[in-house]
Amino acid sequence: MADLEKFRAETRAWLEENCPPDMRKPMRGEEDICWGGKRWKFQSEAQKIWLERMAARGWTVPTWPKEYGGGGLSKEEAKILKEEMRRIKARSPLESFGIWMLGPALLEYGAHEQKAHFLPPIARGEIRWCQGYSEPNAGSDLASLQCRCEDRGDHWLVNGQKIWTSYADESDWIFVLVRTDREAPKHLGISFILIDMESPGVTTRPIRLISGKSPFCETFFDDVKVPKEHAPGVSAVVGELNRGWDVAKYLLTHEREMIGAGGSGAIGGAASPGEVAARLVGVDETGRLADPILRGRIAEAEIDGWAFLLTMERLKDEAKAGKGMGAKSSMLKYYGTEFNKRRYELMMDAAGSDGLEWEGERSEDGKLARSWLRTKANSIEGGTSEVQLNIIAKRILELPDA
Amino acid sequence: MPLVLTEEQEMLRDAARGFLEAKAPVSALRKLRDARDEVGFSRDLWKEMAEMGWAGVLVEEAFGGSDFGFAGAGVLAEEMGRTLTASPFLSTSILAATALKKYACEAHRQEYLPKIAAGDLVMALAVDEKNKHAPAKTALRAEKSGNAFRLSGEKTFVADGHVADKLIVAARTAGAPGEEAGITLFLVDAQAKGVARERTIMVDSRNAARVRFDGVEATGDDVVGEIDGGWRALEGVLNAGRAGLAAEMSGSAQRAFEMTVGYLKERTQFGRPIGAFQALQHRAAHLYCELELARSAALKALQVLDESFEAAGAFCSLAKAKAGAVARLASQEAIQMHGGIGMTDEHDIGLYMKRIRVAQEMFGDPAFHADRIARLRGY
């Protein structure tokens with residue numbers, strides 16, 4: 001305990017000294033996130049300094065091993081770091097699919113050479129990664145993917161198309177699920193491969209969404225040659241050949257926990273419907289919202305949201321106690337994303353016609369409306385709500401197959 | 001504090017489950033009902049529970065209790081919820097024990113807490129006066145005359161009030177109904193002159209009472225908490241009861257769900273188990289998530305009661321609201337998914353629906369607590 005208290009004191013002092021004042025202001029939204037990568041343009045000197053200082057300590061990825069660019073912190077220490085950052089409202093120095101997805105996959109399934117080669121540039125924010133999973137004909141049925149990867153001796157030859165590749169147009173590398181064995185049962189012919197986006201034959205095209213924004217792309221692979229080794233001893237394939245589905249499943253579980261957690265508002269930090277309604281709809285002389293039906297709906301949602309947050313807390317504590325989360329991540333994904341959609345519907349109800357403005361300063365270019373539309377993807381991406389319910393029914397409740 | 005049961009609490013749960021499944025299964029409740037038992041629970045069984053430390057779950061060891069705390073009491077309530085066990089656990093071991101332990105004078109604590117722990121004293125909380133829970137609207141008058149008070153008015157939905165030896169009565173000593181100030185809690189002998197009790201057999205085959213007070217005498221010595229300032233004590237006691245009921249409902253709902261999932265696997269129609277149909281799978285999976293939320297909320301409320309009792313109000317409302325709504329959904333889905341057999345008295349599932357209905361109404365239904373949370377959150 002004494003060690004942890006010492007760590008807290010040192011961390012607090014270091015953060016006070018090193019976190020630039022501009023990095024202690026709440027993020028306005030996704031536009032303030034530092035994503036890093038070769039083509040990254042820092043929005044401010046403060047953002048650059050903050051990333052460099054945190055990366056030098058390994059604190060962009062606090063729990064990764066030091067030899068791979070991480071901070072080597074224990075779970076308890078990482079929690080303290082998080083608390084101390086929250087205390088001074090410090091922004092996250094770096095976010096990326098490398099940190100969220102590829103890193104955990106490499107740590108679990110990668111060879112030492114792959115970790116040593118790919119992880120440090122992720123930790124320093126030098127290489128930005130994107131994810132190539134879904135295909136136009138492989139959505140919920142992801143394992144039916146067809147993107148073809150053939151063994152051509154000294155290299156792999158990749159042909160096919162991926163869709164919903166987030167930020168592919170701004171990324172340097174992509175981790176892709178490809179079919180390496182067309183004869184095997186569908187789950188057993190898939191491999192997890194790493195491809196440089198600058199390779200000849202890779203093209204991307206942004207997809208415009210109902211929110212008017214384009215965070216997702218289509219990515220095409222036309223006769224893309226991928227070296228068997230990206231550097232001596234650094235295989236392009238992560239894990240065993242044809243066992244990429246194991247890696248994919250591991251990452252999907254991880255992703256579900258993450259999307260579910262985002263849905264609670266714990267990460268977004270968005271205003272609550274109750275606050276928005278009190279401001280925009282007004283309260284009566286007893287302090288109650290002037291619209292009693294909206295008030296009831298908001299209060300019921302607040303109860304569900306709060307109980308959901310507690311459930312996340314409990315599952316994390318259970319996981320720490322060695323019970324693991326397993327298929328319960330599907331519960332977080334399902335409930336968290338459905339809840340987030342409901343929360344934004346209530347925000348839109350509370351905002352009324354103000355919330356419908358799409359352009360102009362007053363609405364910050366339709367910030368609420370665009371966020372509301374963005375939430376509609378929550379229950380589709382990373383496995384639809386219906387897929388999550390299937391998983392709960394089969395894996396947890398052990399109900400029979402149809 | 002991690003939001004999980006401690007090892008000790010897990011052991012308590014396992015022991016309780018074994019004991020209740022053997023000694024107080026659902027068939028025991030059925031037997032009490034069919035025999036029109038006048039007490040409504042087994043006094044012998046209650047004595048056995050007391051010997052295991054359950055009756056004194058909140059009572060300090062110095063008074064003969066086991067002092068497992070609210071989280072421990074929640075474990076027991078949840079297990080009794082699973083088996084629909086009839087006992088004065090809520091009325092006596094949670095509500096009365098909380099009132100005495102937290103708010104009573106030393107003399108009362110010494111007199112009553114050991115008897116509660118020993119299972120020799122049944123007590124009941126008399127708070128509601130109308131069909132919906134609204135403690136601030138307490139109207140039962142306690143008129144001061146000299147050194148004494150005279151209580152006049154009516155109480156309803158007093159759980160175990162028909163057999164209680166002592167009643168804790170919320171009365172108005174000042175102010176007007178609707179005001180939180182001016183309420184006082186009195187400890188009244190159930191046999192006192194002017195007390196008239198009518199046993200009300202409820203839909204869940206458990207018992208409550210309507211109690212009339214006709215100039216019942218009490219003195220300043222009978223007050224629990226402060227005169228005119230009893231609201232704080234009443235809220236504290238109610239919060240404990242709400243968290244206990246949330247745990248109980250969580251247990252009942254969980255058990256009803258297990259029975260339902262079991263039935264989905266075993267019942268065959270159209271040549272396959274009905275659990276293979278996605279229409280039912282998705283509803284069951286959704287309900288599973290809701291049950292997990294209810295359990296988290298109940299555990300959190302009980303832990304906060306142990307750690308910072310005075311700050312537990314919002315958490316107890318959260319737990320009561322969520323567990324009430326989820327248990328109701330669970331009981332409805334249970335009957336629907338059981339189909340025709342679920343409508344029969346012979347099947348146990350209906351007993352779960354009945355008990356859940358009563359528990360979710362007691363001390364505030366989900367709407368009452370949603371309103372309370374909204375007020376606490378400033379809208």
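Residues numbered from 1 in each chain as written. Chains lettered and ligands numbered in written order. Predicted model: local features only at pLDDT ≥ 70, side-chain atom pairs only at ≥ 80, totals over all residues. Heavy atoms only, no water.

The name given to chain B in an unreviewed UniProt entry is Acyl-CoA dehydrogenase, with Amphiplicatus metriothermophilus as the source organism. Under the Cofactor (unreviewed entry) heading, UniProt states for chain B: "FAD". UniProt lists a comment for chain B under the heading Sequence similarities (unreviewed entry), and it reads "Belongs to the acyl-CoA dehydrogenase family." (UniProt positions renumbered as here; feature names shortened; annotations may be inferred.)

Going by an unreviewed UniProt entry, chain A carries the name Acyl-CoA dehydrogenase and comes from Amphiplicatus metriothermophilus. Check the Sequence similarities (unreviewed entry) section of the UniProt entry for chain A; it says "Belongs to the acyl-CoA dehydrogenase family." As its UniProt record puts it under Cofactor (unreviewed entry), chain A is described as follows: "FAD".

How do you make sense of the interface of chain B and chain A when you look at a structure like this?
The partner chain A presents 38 residues to the 40 residues of chain B that form the contact. Interface of chain B and chain A: buried area, both sides summed, is about 3,600 Å²; carbon and sulfur atoms make up 66% of it. Among the salt bridges present, the one from Arg377 of chain B reaches Glu302 of chain A, with a minimum N-O distance of 2.3 Å. Mapped by element, the contributors of at least two residues to the side of chain B that touches chain A are helix H7 (231-266), helix H8 (278-307), helix H9 (313-338) and helix H11 (366-376) of chain B. Here the side of chain B that touches chain A gets 16 residues from one element, more than from any other, and that element is H8 of chain B. By residue class, the composition of the side of chain B that touches chain A is 23 nonpolar, seven polar and 10 charged. (Contact = heavy atoms within 4.5 Å. Buried area = accessible area lost by both parts, 1.4 Å probe. Salt bridge = Lys/Arg side-chain N within 4 Å of Asp/Glu carboxyl O. Helix = DSSP H or I, 4+ residues; strand = E, 2+ residues; numbered from the N terminus. Nonpolar A, V, L, I, M, F, W, Y, C, P; charged D, E, K, R; others polar.)

Teacher, can you tell me more about the UniProt feature "domain: Acyl-CoA dehydrogenase/oxidase N-terminal" (unreviewed entry) in chain B here?
The sites that carry the UniProt feature "domain: Acyl-CoA dehydrogenase/oxidase N-terminal" (unreviewed entry) are, in the present numbering, residues 6-120 of chain B. Between the first and last C-alpha atoms of residues 6-120 of chain B the distance is 30 Å; the span itself is 68% helix and 0% strand.

What am I meant to see in empty space enclosed by the protein here?
Where empty space is left in the structure can be found by rolling a water-sized probe over the atoms. All names here are of chain B. Scanning the model with the defined rule gives four cavities of 30 Å³ or more in all. Reported here for the largest cavity is a volume of approximately 120 Å³. Going through the elements one at a time, helix H5 (89-103), strand E3 (148-159), strand E7 (207-219) and helix H10 (349-361) are the ones with two or more residues in the lining of the largest cavity. Considered class by class, the residues forming the lining of the largest cavity number seven nonpolar, three polar and four charged. Estimates place the volume of the second largest cavity at around 90 Å³. As for the second largest cavity, its lining consists of Ala77, Met80, Gly81, Thr85, Ser87, Phe89, Leu90, Arg206, Gly244 and Glu248. Elements with a contribution of two residues or more to the lining of the second largest cavity: helix H4 (69-83), H5 and H7. Looking at side-chain class alone, the lining of the second largest cavity contains four nonpolar, four polar and two charged residues. (1 Å grid on protein atoms, 1.4 Å probe; cavity = no way out; pocket = protein on both sides within 12 Å on 5 of 7 lines; lining within 4 Å. Points joined across faces, edges and corners; volume = space filled by probe spheres on them.)

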